[in-house]
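Architecture at a glance
The chain contents come next:
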Amino acid sequence: MRAEPPAWAPGPAQAAALLEEAADLLVLHRDFAAALERCEAGCDSLGPVPGPVPGPGPVPGQESFAEVKCSLCVVGIQALAEMNRWREVLSWVLQYYHVPEHLPPKVLELCLLLYSKVGEPQVMLEVGSSWLRAQGNERLPEFGSLLELYLAQVLLPLGRFEGAEELVRGCAVFDSEQQLEFLGTIGESRCRWTQREETRSAAEEQQDPATETLLGVLSQKLLTMLTLLRRALRSMSNHFYLLPYKKMLLATFLLYLVVVRLDPASPTSLPFIYKLVQLFRQAWAAVLSPIHRPPIRD
């Protein structure tokens, strides 16, 4: 059983030690829950990370502070994904950065790729837009690649072509040639989207008449079977109505007397048995006579 981690004092050095331990738990031991706990402890020890500050250079100590926290979040995202808790990734990250505009580029990239891979790109729609429109992020070297990734993984798969064109035209990082290239990519994606929609609509229109035809054939067959069954039941009922019930009951009663009440071995019962048999034959012949057969119906 693994011992409890020591209670580290706040600071980047202690957070870095927790980061190393979390990476070992994730990669070597495959203990994702424990790795996530170390990442949370490290992020809590660092506290809030300030967002980008305008100026000629970074604030002393801020760069290492932010790098450690970003690395902790990267390991935490991987641990959550391994535990199939990817739905919690965005909310888990935002509890340490509070607003999307302050997300590190590496964390935003992982979130974009993760939610696109699981088929939920709409989760990153507002987050990516907020990050890309923040003025402080335009100076980052990763801005261009993240904008391209956001277009390819979120906007275009969702059919947000107008928003994609607006974002590209308003981006000061791209020159005119790059803008034309991105706008051409957006136009090609729009054409493919339109063709897929037209193909899907045509397939649905063809499927509806086929389904109606199949249902019509099945309904007609069912109606025919029910009609035949009704005729058969009516014929049987007419046949039973025409049977001479009194004669049948008499013959049954006489047969009961012969088999149960009379002793066939007794000499005195022979004449009586002979008469009963003749009566039974006459009743049976009356039942099966052509007069009592049911009429043939169309």
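Residues numbered from 1 in each chain as written. Predicted model: local features only at pLDDT ≥ 70, side-chain atom pairs only at ≥ 80, totals over all residues. Heavy atoms only, no water.

Thoughts on the overall build of the protein chain
Looking only at helices and strands, the protein chain has 11 helices and 0 strands in total. Start at the N end of the protein chain and walk to the C end: the helices and strands fall as α-α-α-α-α-α-α-α-α-α-α. Residue burial in the protein chain is summarised as follows: out of 298 residues, 33% are buried. When the accessible surface of the protein chain is summed, it comes to about 19500 Å², and 60% of that surface belongs to carbon and sulfur atoms. (Helix = DSSP H or I, 4+ residues; strand = E, 2+ residues; numbered from the N terminus. Buried < 20%, exposed > 50% of the residue type's maximum accessible area, 1.4 Å probe, protein only. Areas by Shrake-Rupley, 256 points an atom, 1.4 Å probe, with all protein chains shown as cover.)

Comments concerning a negative patch on the surface
On the surface, a cluster of negative charge is made up of Glu 148, Asp 175, Glu 177 and Glu 181. The residue Glu 148 is located in helix 7 (residues 143-155) in this model. (Patch = residues over 30% accessible without salt bridge, like charges linked within 9 Å, V, L, I, M, F, W, Y side chains within 5 Å. Salt bridge = Lys/Arg side-chain N within 4 Å of Asp/Glu carboxyl O. Lys, Arg positive; Asp, Glu negative; His and termini not counted. Charge placed at Lys NZ, Arg CZ, Asp CG, Glu CD.)

With respect to the packing of aromatic side chains
Going through the model one piece at a time under the given rule, you end up with 5 aromatic pairs. Between Trp 131 and Phe 143 the ring centres are 6.1 Å apart and the planes differ by 20°, which places this aromatic pair in the stacked class. Taken together, the residues span a long stretch of sequence, with Trp 131 in helix 6 (residues 125-133) and Phe 143 in helix 7 at a distance of 12 residues. In this structure, Trp 131 and Phe 143 share a single accessibility class: buried. Over the face of the ring belonging to Tyr 97 we find Lys 69, whose NZ or CZ atom lies 5.8 Å from the ring centre. (Phe/Tyr/Trp six-rings, centres within 6.5 Å; stacked < 30°, edge-to-face > 60°. Lys NZ or Arg CZ within 6 Å of the ring centre and 35° of its normal.)

Quick look at the pattern of salt bridges
Under the definition given, this model contains 7 salt bridges. A salt bridge links Glu 88 to Arg 85; the shortest N-O distance between them is 2.8 Å. With a relative accessible area of 31%, Arg 85 lands in the partly exposed category. We note a salt bridge from Glu 165 to Arg 169, for which the minimum N-O separation is 3.8 Å. Here the residue Glu 165 and the residue Arg 169 both occupy positions in helix 8 (residues 161-169), the gap between them amounting to 4 residues, near one helical turn. Connected through salt bridges with shared partners, the residues Glu 162, Glu 165, Arg 169 and Arg 190 form a single ionic network.

Read these as spatial facts, not as claims about activity.
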